[in-house]
Amino acid sequence: MRDAISRRVREATRRAGLVALCLAGLASYAAAQSTAVDATVLLVRGERVYVALADSLALAPGDRLEFALRGRSIAAGEIVSVHQGVLAIARLTSGSLRSAKKRLDRVRMVATHPVERAAASLRVGYPSPLRNPFCFACDRMSLREAWPARAYRIDASTDHSYRLLREPGVAADAPWPDTLIVRLFDESADEEIALERGEVDAAMFWPGELSRHVRDQPRWQDPLYGTRARGWFAAMWVAGDSAEDSSGSRPFADDPRFASLNQELYRGDLAPFIPAQHRAASAPAPERGPSGPVRFEVDTACPGHSAMERLLNRGGSALAHSGRVTRVRVFGLDAPVDDPAPATPHAPDELRTGPFARDSIPPGERVHVAYLFALRCPLVCTQRIRVTLNALGADALVNLFDCEPAGLKP
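What you see is a predicted model, and the numbers here were worked out from it, not measured in a lab.

Engineer: Provide a residue-level description of the overall build of the protein, including the pertinent values.
Structural biologist: The secondary structure content of the protein amounts to nine helices and 19 strands. Relative to its 410 residues, the protein shows a buried fraction of 45%. Partitioning the intrachain contacts of the protein with sequence separation of at least 6 by distance along the chain shows that 74% fall at a separation of at least 24. When the accessible surface of the protein is totalled, it reaches about 21200 Å², and 51% of it is carbon and sulfur.

Engineer: Now, about unusual backbone geometry: what can you tell me, with residues and values included?
Structural biologist: A positive phi angle, near 55°, is found at R70, a position not held by glycine. Relative to the elements of secondary structure, R70 occurs in the loop between β4 (64-69) and β5 (72-83). Overall, R70 belongs to the exposed group, its relative accessible area being 70%. Positive phi outside glycine occurs at R267, with the angle close to 55°.

Engineer: I'd like a rundown of the nonpolar core, residues and numbers included.
Structural biologist: In terms of nonpolar packing, the biggest core is built from 31 residues, with Y126, V182, L379, L389 and F401 touching the most fellow members. In contact with L379, not counting residues within four places along its chain, are A202, A203, M204, P223, L224, L389, A394 and L397.

Engineer: Can you break down the pattern of salt bridges residue by residue, with the values?
Structural biologist: This model, assessed by the stated rule, comprises 15 salt bridges. A salt bridge links E78 to R386, with the shortest nitrogen-to-oxygen separation between them at 3.7 Å. Of this pair, E78 sits in strand β5 while R386 is found in helix α8 (residues 386-392), placing the two residues 308 residues apart along the sequence. Given a relative accessible area of 11%, E78 falls into the buried group.

Engineer: Tell me about helix α2 (residues 188-196), and please be specific about residues and values.
Structural biologist: All buried positions along α2 are accounted for by E191, E192, A194 and L195. Within α2, the buried residues cover an arc of 160° as seen down the axis, which keeps them to one side. Structurally, α2 contributes buried residues whose contacts are with β8 (121-127), β12 (179-185), β13 (202-204), α3 (212-215) and β18 (367-381).

Engineer: Talk me through the packing of helix α4 (residues 256-266) against helix α6 (residues 305-312); I want residue IDs and the actual numbers.
Structural biologist: The N-to-C vectors of α4 and α6 enclose an angle of 140°; their axes lie 9 Å apart at closest approach. Our classification of the angle between α4 and α6 gives oblique. In the crossing of α4 with α6, the sense of the turn from one axis to the other is right-handed. Contacts from R257, F258, S260, L261, E264, L265 and Y266 in α4 reach A307, M308, L311 and L312 in α6. Here the contact of α4 with α6 is built from residues that sort into eight nonpolar, one polar and two charged.

Engineer: How would you explain α6 if you had to name every residue and give the values?
Structural biologist: Considered for burial, the residues of α6 that qualify are M308, L311 and L312. Projected down its long axis, α6 carries its buried residues within an arc of 95°, all on one side. Buried positions along α6 lie against β14 (224-238), α4, β16 (294-298) and β17 (326-336).

Engineer: Can you break down the packing of aromatic side chains residue by residue, with the values?
Structural biologist: Overall, the coordinates contain eleven aromatic pairs when judged by the stated rule. With a centroid separation of 6.0 Å and 70° between ring planes, the pair formed by F233 and Y266 is classed as edge-to-face. One end of the pair, F233, is in strand β14; the other, Y266, is in helix α4, and 33 residues separate them in sequence. Judged by relative accessible area, which is 1%, F233 ranks as buried. Between F258 and F296, the aromatic rings sit 5.4 Å apart at their centres with planes inclined by 85°, giving edge-to-face as the arrangement. Here F258 is found in helix α4, whereas its partner F296 is found in strand β16, with 38 residues between them in sequence. Across the pair, exposure class does not vary: F258 and F296 are buried alike. One Lys or Arg, R166, reaches over the ring of Y152 and ends 5.9 Å from the middle of that ring.

Engineer: Help me get a handle on the pairing of strand β3 (residues 48-53), residues and values and all.
Structural biologist: Here β3 shows one buried face, formed by V49, V51 and L53, and one open face, formed by R48, Y50 and A52. Relative to β3, strand β2 (residues 39-45) runs antiparallel, the two being bridged by six bridges. Paired with L43 across the two strands is Y50, which belongs to β3. Linking two consecutive strands that pair antiparallel, namely β2 and β3, is a turn of two residues; a positive phi of about 65° is found at G46 within it. In terms of strand pairing, β3 meets strand β6 (residues 87-95) through five bridges, oriented antiparallel. Across the sheet, Y50 pairs through a bridge with I89, a residue of β6.

Procedures and definitions
Residues numbered from 1 in each chain as written. Predicted model: local features only at pLDDT ≥ 70, side-chain atom pairs only at ≥ 80, totals over all residues. Heavy atoms only, no water. Helix = DSSP H or I, 4+ residues; strand = E, 2+ residues; numbered from the N terminus. Buried < 20%, exposed > 50% of the residue type's maximum accessible area, 1.4 Å probe, protein only. Contact = heavy atoms within 4.5 Å. Areas by Shrake-Rupley, 256 points an atom, 1.4 Å probe, with all protein chains shown as cover. Core = buried A, V, L, I, M, F, W, Y, C linked by side-chain atoms within 4.5 Å. Salt bridge = Lys/Arg side-chain N within 4 Å of Asp/Glu carboxyl O. Arc of directions from axis to C-beta. Axes fitted to C-alpha atoms, helices over the stretch in contact; angles between N-to-C directions. Parallel < 35°, antiparallel > 145°, perpendicular 65-115°, else oblique. Left-handed = near helix turned anticlockwise from the far one by under 90°. Nonpolar A, V, L, I, M, F, W, Y, C, P; charged D, E, K, R; others polar. Phe/Tyr/Trp six-rings, centres within 6.5 Å; stacked < 30°, edge-to-face > 60°. Lys NZ or Arg CZ within 6 Å of the ring centre and 35° of its normal. Pairing = 2+ DSSP bridges.

That's the geometry; what it means functionally is another story.
As C-alpha cells, then:
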C-alpha cells in the first residue's frame with residue numbers, strides 16, 4: 001500500500017514538474033523576441049560559426065541563433081562577439097552545420113534576444129590592490145560610490161570582500177541582482193581556481209593576467225571584455241622644429257613592435273586608444289611619427305617596464321650606433337579615456353613635470369605625444385549568466401572599482 005502511494009506521489013510530482021517546465025518555457029518564449037536575420041554564414045570551424053551581417057543592428061552578444069536549411073532547423077548557437085557591426089561569431093550549442101557545408105549561402109537564421117530578469121545574487125571576483133597591471137601600480141582600489149546610480153548599499157565588508165544589497169525603490173536601467181557579492185584576490189591563480197570551483201560566477205582580470213590554461217578551456221573561451229574608464233598608454237618624444245607636429249595622433253597604430261607588446265605581454269587584451277575627439281573627427285589626425293632610428297624607454301613607474309622595454313627594443317641594437325637616435329618614452333597615465341580633450345597631448349609643460357621629469361626636457365623643445373592603448377580587461381563567466389552580464393554591460397562591471405595609482409595623474 002505504501003509503495004503504491006509513493007509511486008503515485010512521484011508520478012504526480014513528475015507531471016507537475018513537466019507542467020512547470022513547459023509554462024516556464026512558454027513564458028521565456030513570450031518574453032523573448034525572435035526575428036529573421038539578414039545575414040550569411042561565411043565559415044564554420046568546429047563549434048565556431050562566422051556570420052556576415054547585412055544589418056549592423058541584427059545581432060548582439062548573448063543572442064541565440066537558430067540555423068535552418070530548406071525550412072528545417074539543423075543547429076542552434078549563441079552569439080559570442082560582434083566585430084565592427086559586420087561580422088558575428090557564434091558558438092554552436094546544439095546540432096551541426098555539416099549537412100550544409102557546401103551550401104552555407106542557403107542557410108537561413110533566426111535570432112532570439114532573451115529578456116533577462118534580475119538574478120537573486122551575483123558573485124564576482126576582482127584583483128586586489130596587491131595585483132598591479134603592467135602599466136601602473138594601484139596604491140588603492142575603492143568601490144565606486146555611485147555604482148550603479150546609488151542602487152546599492154554596503155551590507156558587510158572586509159579587506160577582501162563586499163556584500164552589496166539593492167536599495168528598494170531605486171530603478172536601474174539593467175537587470176542588476178538583488179545581492180552583489182564581491183571578492184578581491186591577491187593572486188590571479190587563486191581567482192582562477194575560485195572560478196573553476198564555482199565559488200564565483202564571474203571574474204575580472206587585468207590585461208594579460210588570465211592564464212593560457214583558462215583561455216584554452218572551451219567553457220571559458222570568448223570572455224567578455226570591458227574597457228577601463230581611466231588609464232591608457234602613450235608615447236612621447238622630442239622631435240625638434242623640423243618635424244611635423246603629430247600630437248594626439250596614432251603613428252604607432254600598425255607598428256609590429258607594439259603589436260608584439262600587446263600579444264606577448266598582454267595576451268592581446270589591450271585595445272587601441274582613440275580619444276573621443278578623434279572618434280567623431282571627419283578627418284584623421286596626422287600619422288607621422290619620429291623619423292630615423294628610435295630607442296624606446298619605458299617609465300620605471302610601470303611595474304612591467306623592464307619586460308616592455310626589452311620587447312620594444314628587441315632586434316634594434318644595431319640602430320643604437322647608426323647616427324642620431326630618437327628617444328621615445330612610453331608611459332601609462334591615470335586619465336579618463338572619454339575626456340573630450342585629454343590634457344596631456346596638448347600640454348607639454350605638464351609632461352615636463354610628469355613621468356619623465358628626471359630627463360629635464362629643455363625649455364622650448366617641442367614634445368610630441370602619440371596615443372597607444374586603453375586598458376581592456378577580460379571578464380570570464382559561466383555560460384549560465386553570460387546573457388545577464390551582457391545585459392549589465394561588461395564596462396560597468398570592469399569599472400566597479402576605481403584604481404588609484406601613485407604619481408601618474410596628468
